[in-house]
Amino acid sequence: MREQAVFHLEEHGQTERSQWVLDSPNPPPLWKKLFSSVKETILPHGNKFCFSSKRKTSHGQAISCLQNLFPIISWLRDYKASKFKDDLLAGLTLASLSIPQSIGYATLAKVAPEYGLYTSVIPPLIYALMGSSREIAIGPVAVVSMLLSSLVPKVEDPVANPHAYRNLVFTVTFFTGIFQTAFGVFRLGFLVDFLSHAALVGFMAGAAVIIGLQQLKGLLGISHFTSKTDAVSVLASVYKSLHHQIASGEKWNPMNFVLGCSFLIFILITRFIGRRNRKFFWLPAVSPLLSVILSTLIVYLSRADKHGVNIIKHVKGGLNPSSLHQLQLHGPHVGQAAKIGLICAVIALTEAIAVGRSFASIKGYHLDGNKEMLSMGFMNIAGSLTSCYVATGSFSRTAVNFSAGCQTAVSNIVMAVTVFLSLELLTRLLYYTPVAILASIILSALPGLIDLSEACYIWKVDKLDFLACIGAFLGVLFATVEIGLLVAVIISFAKILIQSIRPGIEVLGRVPRTEAFCDVTQYPMAISTPGIIVIRISSGSLCFANANFVRERILKWVSQDEDDLKETTKGRVQAVILDMTNLMNVDTSGILALEELHKRLLSRGVELAMVNPRWLVIHKLKLAHFVDKIGKEWVFLTVGEAVDACLAAKIARA
């Protein structure tokens, strides 16, 4: 009697736990998920703060919301003079690097030099108000500048119509900001992840090589150069230009090359000294500015511009002019501007978030990716209205900012103010700056974009990831930027597709002296229960891509067509248990496959049981009446309970 009471108690507990699975609440509808994501992005901690009248006054609610949108409000209260001293030094050091780099990257983007300086004023100020990273340095970067110079000229010619080209760049920047803001508001950061880490490594390396080859124009003093970006076209253009000069009897002036290479060597030496001795961390930061000053003096005093040295000439000074009326939102090129803006948005966000998170991990704080997207979006929208092109986080300048001891985003404010003062006071002095120096400054920043050790690591760990890496590299190098990105994304998608079409389907057994059920292939000591197959579907979704494969695989095992299973099941299969713990979603194709599987199993006299179907899965299975078809008594919370129930049914039949 006592044993019967214990048995009935256990059976009641098992039934109760199965009912927990069946009675789980319905998942929220799609519109509610979207609203929730927007609310979490804009309002701090959802309902807890902004919608709780009991806890806070309306004034307190407004402050909480503002603190979430503008993190500067939170940390500015505790800001001390000692922190400002560190940020001032870091900001000035950052400005000394940012000024020459901004001019160089503007020429790379095929816009006037002042637009690079404008991009180092407004976007950093907006980011300092809205961004959550303390170290990231905002401004123009090489890769995005190269993207613009390779994609926008296909729509507008920067030589034939420079004003239309500039206006289109502003429009692209506006769309970049719109897309980045949308990614942040609707929590669509996963779209950025379509460009995998491996693909980004290859893309960056390919872009660095292309950028380096394009600098041969300034370094060699070539006037006629190709608008194409692939390596073959660039090298052919260099050869044709030099050959044309020799054939036409023109004497090639080596002064551009000598000047550029001399200061490139100088910058690289200072970088080597800065890395070897941390006391001289400031040296590689100021060396580009020193190069600009010294080379400008050399050209001015020697009148080298009269002897073939190319100079940048006029740089417009003053505060950023408004570019609101220059945006082409109703012209024929809106669609193309939006497409380029989307590409720039993804690349800029990927680089910025990677840079921000790497330095945040060093400092031991968390960087919210969605807030970063929101702040990047707002700063690029504001930038597009104030004569700036696409800005993002720069790895080289962030490293300098970090080494200089920055404490908060105030270093970005100091840098922006310094660049603004330079625009007001010093632009006339840049008239004689040689173009070759800008080329050498850009070249000096490129080694940081090529990560050979990471490529070797990717090859060692995952060959398919390396295929995406090398595909992006070769696509950018020998075709176009779009093809390089497309190849990388296609390979990454193909990898996901292969894993989805043929998911892992594991036969489980009980590990001795435990209640755990594990893969019998990974754990050979795991014991399978005679007449019962426990199967785990190692896929996030049972969908149209893999449903038929899963069904046929299970039916093959039931038919004992595989020799390995004959040994594990030790006889005719009487029950199949599906462990659905890893299954996050199921579509109509998946449900149809389960129904077909159930029919085929019933025709063989085999029962089908389900274990721990997740929230969305059990909801859909109940809507499709699949739970009613197999019987509610065949839904369990744990594999152990399902095995015990199948054994009890087996004994009852006997």
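Definitions and cut-offs
- Residues numbered from 1 in each chain as written.
- Predicted model: local features only at pLDDT ≥ 70, side-chain atom pairs only at ≥ 80, totals over all residues.
- Heavy atoms only, no water.
- UniProt positions renumbered as here; feature names shortened; annotations may be inferred.
- Helix = DSSP H or I, 4+ residues; strand = E, 2+ residues; numbered from the N terminus.
- Buried < 20%, exposed > 50% of the residue type's maximum accessible area, 1.4 Å probe, protein only.
- Salt bridge = Lys/Arg side-chain N within 4 Å of Asp/Glu carboxyl O.
- Expected span 1.5 Å × (residues − 1).
- Pairing = 2+ DSSP bridges.
- Phe/Tyr/Trp six-rings, centres within 6.5 Å; stacked < 30°, edge-to-face > 60°.
- Lys NZ or Arg CZ within 6 Å of the ring centre and 35° of its normal.
- pLDDT = per-residue confidence, 0-100.
- Contact = heavy atoms within 4.5 Å.
- Polar contact = N/O pair within 3.5 Å; in protein donor to acceptor, adjacent residues only side chain to side chain.
- Axes fitted to C-alpha atoms, helices over the stretch in contact; angles between N-to-C directions.
- Parallel < 35°, antiparallel > 145°, perpendicular 65-115°, else oblique.
- Left-handed = near helix turned anticlockwise from the far one by under 90°.
- Nonpolar A, V, L, I, M, F, W, Y, C, P; charged D, E, K, R; others polar.
- 1 Å grid on protein atoms, 1.4 Å probe; cavity = no way out; pocket = protein on both sides within 12 Å on 5 of 7 lines; lining within 4 Å.
- Points joined across faces, edges and corners; volume = space filled by probe spheres on them.

As annotated in an unreviewed UniProt entry, the protein carries the name STAS domain-containing protein and comes from Sphenostylis stenocarpa. As recorded by UniProt, the Subcellular location (unreviewed entry) comment attached to the protein reads in full: "Membrane". Under Sequence similarities (unreviewed entry), UniProt gives the following word-for-word description of the protein: "Belongs to the SLC26A/SulP transporter (TC 2.A.53) family."

What follows is about unusual backbone geometry. Residues other than glycine seldom take positive phi values, yet Lys110 does so here, at roughly 65 degrees. Secondary-structure assignment places Lys110 in the loop between helix H6 (81-108) and helix H7 (113-118). When its relative accessible area of 31% is taken as the criterion, Lys110 is described as partly exposed. The residue Ser387 is not glycine, and still its phi comes out positive at about 65 degrees.

Let us now look at the pattern of salt bridges. Inspection of the entire model under this criterion finds nine salt bridges. The partner of Glu552 in a salt bridge is Arg551, with the nearest N and O atoms 3.0 Å apart. For Glu595, the salt bridge goes to Lys629, with nearest N and O atoms at 3.0 Å. Taken as a pair, Glu595 in helix H26 (residues 588-603) and Lys629 in helix H28 (residues 626-630) lie far apart in primary sequence, 34 residues in all. Since its relative accessible area comes to 16%, Glu595 is described here as buried. Take Lys629: its relative accessible area is 48%, and that puts it in the partly exposed class.

Attention now moves to helix H10 (residues 162-185). Structural remark: α-helix, 3.6 residues per turn; residues separated by three or four positions point the same way. Helix length check: H10, at 24 residues, gives a terminal C-alpha distance of 35 Å against a target of 34 Å (1.5 Å per residue), a fit within 8%. In terms of residue burial, H10 counts as a mostly covered element, since 19 of its 24 residues are buried. Positive phi appears at Arg187, one or two residues downstream of H10, with a value of about 50 degrees.

What follows deals with the sheet that holds strand E3 (residues 504-510). Read across the sheet, six strands follow the order E4-E3-E5-E7-E9-E10 without closing on themselves; strand pairing throughout is mixed. Both outer strands of the open sheet, strand E4 (517-519) and strand E10 (635-636), are each paired with one neighbouring strand and no more. Note that E3 and E4 share three bridges and pair antiparallel. Residue pairing for E4: Arg510 is matched across the bridge by Phe517.

In this section: the packing of aromatic side chains. Per the stated rule, a full pass over the model turns up 12 aromatic pairs. Judged by centre distance (5.9 Å) and plane angle (70 degrees), the rings of Phe174 and Phe175 are edge-to-face. Phe175 shares its class with Phe174; the two are buried. Residues Tyr431 and Tyr432 carry aromatic rings whose centres are separated by 5.0 Å and whose planes lie at 70 degrees to one another, so their mutual orientation is edge-to-face. Taking relative accessible area as the criterion, Tyr431 reaches 34% and is therefore assigned partly exposed. By way of ring pairs, the aromatic residues Tyr115, Tyr118 and Phe170 are connected into one cluster. Positioned above the aromatic ring of Tyr365, the side-chain terminus of Arg134 is 4.0 Å from the ring centre. Directly above the ring of Trp459 sits Lys463, whose terminal nitrogen or CZ lies 4.8 Å from the centroid.

Let's shift gears to the confidence of the model for the protein. Caution applies to low-pLDDT parts of the model: their predicted coordinates are not meant to be read in detail. Put simply, the protein has an average pLDDT of 87, and 90% of its residues get 70 or more. Contacts of residues 1-9 to residues separated by more than four positions or lying in other chains number zero contacts, the stretch itself having pLDDT below 50. Confidence drops under a pLDDT of 50 for residues 561-566, and excluding neighbours within four residues, the segment shows seven contacts in the predicted structure.

Mapped onto the secondary structure, Thr171 falls in helix H10. At a separation of 2.9 Å, a polar atom in the side chain of Thr171 contacts the main-chain carbonyl oxygen of Asn167.

Along the chain, Leu220 falls in helix H12 (residues 216-220). Judged by relative accessible area, Leu220 falls into the buried class, the value being 11%. Between the alpha carbons of Leu220 and Val299 there is a distance of 16 Å; along the sequence they are 79 residues apart. Setting aside its immediate chain neighbours within four residues, Leu220 contacts Val238, Leu242, Trp252, Asn256 and Phe257.

Turning next to the packing of H6 against helix H18 (residues 395-403). Following both chains from N to C, one finds H6 and H18 inclined at 165 degrees, their axes separated by 9 Å at the closest point. Taken together, the axes of H6 and H18 are roughly antiparallel relative to one another. Remark: the crossing between H6 and H18 carries right-handed chirality. Side by side, H6 and H18 meet where Ala90, Thr93, Leu94, Leu97, Ser98, Gln101 and Tyr105 of the first sit next to Ser396, Arg397, Val400 and Asn401 of the second. Its residues assigned to classes, the contact of H6 with H18 comprises five nonpolar, five polar and one charged.

What follows covers the packing of helix H8 (residues 122-130) against helix H17 (residues 369-384). Here H8 crosses H17 at 150 degrees, and the two axes come no closer than 9 Å. Considering only the axes of H8 and H17, their crossing is right-handed. Where H8 approaches H17, its residues Ile122, Pro123, Ile126, Tyr127 and Met130 are matched on the opposing element by Glu372, Ser375, Met376, Phe378, Met379 and Ala382. Looking at the contact of H8 with H17, its residues break down into nine nonpolar, one polar and one charged.

This part takes up the environment of Asn612. Tracing the backbone shows Asn612 in the loop between strand E9 (607-611) and helix H27 (615-623). It is 37 Å that separates the C-alpha atoms of Asn612 and Ala488, two residues lying 124 residues apart in sequence. If we skip the residues at most four places from it in the chain, Asn612 touches Met580, Thr581, Phe636 and Leu637.

This part takes up the pairing of E3. For E3, the buried fraction is high: five of the seven residues fall into the buried class. As judged from the five bridges shared by E3 and strand E5 (residues 532-538), these two strands associate in the antiparallel manner. Across the sheet, the residue bridging to Leu508 is Val534, located in E5.

So, about the pairing of strand E7 (residues 575-579). Across the five residues of E7, five count as buried, placing the element largely inside the fold. The two faces of E7 match: Ala575, Ile577 and Asp579 on one face and Val576 and Leu578 on the other face are all buried. Two elements, E7 and E9, share five bridges in a ladder whose sense is parallel. Among the inter-strand pairings, Leu578 is bridged to a residue of E9, identified as Met610.

A few words now on the layout of surface pockets. Taken as a whole, the largest pocket spans an internal volume of roughly 1,500 Å³. Together, 47 residues line the largest pocket, and Val355, Phe395, Ser396, Ala399 and Gly448 are the ones closest to its centre. Taken together, the residues that form the lining of the largest pocket break down as 24 nonpolar, 14 polar and nine charged. The space that makes up the second largest pocket amounts to roughly 1,200 Å³. Along the walls of the second largest pocket sit 33 residues, with Thr107, Lys110, Val111, Val159 and Lys217 positioned nearest its centre. Of all the elements in the fold, those that place two or more residues in the lining of the second largest pocket are H6, H7, H10, H12 and helix H20 (435-445). With four residues, the top contributor of residues to the lining of the second largest pocket is H10.

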